[in-house]
Amino acid sequence: HFEREIRDLFLRIALKYNTGLAEACEHEGLGVRDQLAYLGIYARPELYELSGDCIINTLSGTVNVAAVTPYGLALPSTAIDSILSMDLGNIQRVVFIENKTNYDEYILSERIPWELVVYHGGFLSPQKRKLFAKIAESISPDVDVFFWSDIDLGGFRMFSHLQCIIPGLL
């Protein structure tokens, strides 16, 4: 019912009164699903994938991402607010990868034990921004952070947004 009867009106009103959403739409050309995600409305939670020697401390306990090497794991967007801290003490390089195929190939064939690989996956929703900020807080200053994406307008926009969270991004 929401999709058929209410969604479009809801989004028109949201665009009128939520300047952040309006700016994101203007700069990113967000589709309907991304606009709703920006507002925290999901058909299902987003999944954020990462692989590497990373320990995530949550309200409920500790998750050791290295235990599922090389495959990594996926965190639902609904779990991000329960993350208290991340231990990246053994990490010497962080690589954010935009494209899912490249991410999958990289973690299965090229990943180095002392790096954290994060699937970026496009639009930077508020929950994904929170996760990336938690990663940024946990990175020591001597760690190199890279972004791998397509060389197109979308890739440059993602780089720019990620660089706002992680100023030392290469």
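Notes on the structure in this doc start here. None of the values given here were measured: they were computed from a predicted structure.

Description of the sheet that holds strand 7 (residues 115-119)
Spatially, the five strands line up as an open sheet ordered 4-1-7-6-8, and their pairing is mixed. Taken across any chain shown, the strands that pair with only one partner, and hence form the sheet edges, are strand 4 (73-76) and strand 8 (144-148). Strand after strand, the sheet turns through a mean of 20° between neighbouring axes, direction not considered.

Here we look at helix 5 (residues 126-138)
Look at helix 5: 19 Å from first C-alpha to last across 13 residues, which is about the 18 Å you get at 1.5 Å a residue. Those residues of helix 5 that fall on the buried side of the exposure criterion are Gln 127, Lys 128, Leu 131, Phe 132, Ile 135 and Ser 138. Buried residues of helix 5 fall within an arc of 140° about the axis and therefore sit on the same side. Tucked inside the fold, the buried residues of helix 5 contact strand 1 (47-51), strand 4, strand 5 (83-87), strand 6 (93-97), strand 7 and helix 6 (153-165).

Some words on the nonpolar core
Core analysis: the largest hydrophobic core is formed by 29 residues, its most contacted members being Leu 50, Val 94, Phe 96, Leu 116, Leu 131, Phe 132 and Ile 135. Every element with two or more residues in this core is listed here: strand 1, strand 4, strand 5, strand 6, strand 7, helix 5, strand 8 and helix 6. In this view, Leu 116 contacts Leu 50, Ser 51, Gly 52, Cys 54, Leu 88, Ile 91, Arg 93, Val 94, Val 95 and Ile 135; residues no more than four positions away in its chain are not counted. If you look at the next biggest cluster of nonpolar residues, it comprises seven residues, including Val 95, Tyr 103, Val 117 and Tyr 119.

Cut-off values and rules
- Residues numbered from 1 in each chain as written.
- Predicted model: local features only at pLDDT ≥ 70, side-chain atom pairs only at ≥ 80, totals over all residues.
- Heavy atoms only, no water.
- Pairing = 2+ DSSP bridges.
- Helix = DSSP H or I, 4+ residues; strand = E, 2+ residues; numbered from the N terminus.
- Axes fitted to C-alpha atoms, helices over the stretch in contact; angles between N-to-C directions.
- Expected span 1.5 Å × (residues − 1).
- Buried < 20%, exposed > 50% of the residue type's maximum accessible area, 1.4 Å probe, protein only.
- Arc of directions from axis to C-beta.
- Contact = heavy atoms within 4.5 Å.
- Core = buried A, V, L, I, M, F, W, Y, C linked by side-chain atoms within 4.5 Å.

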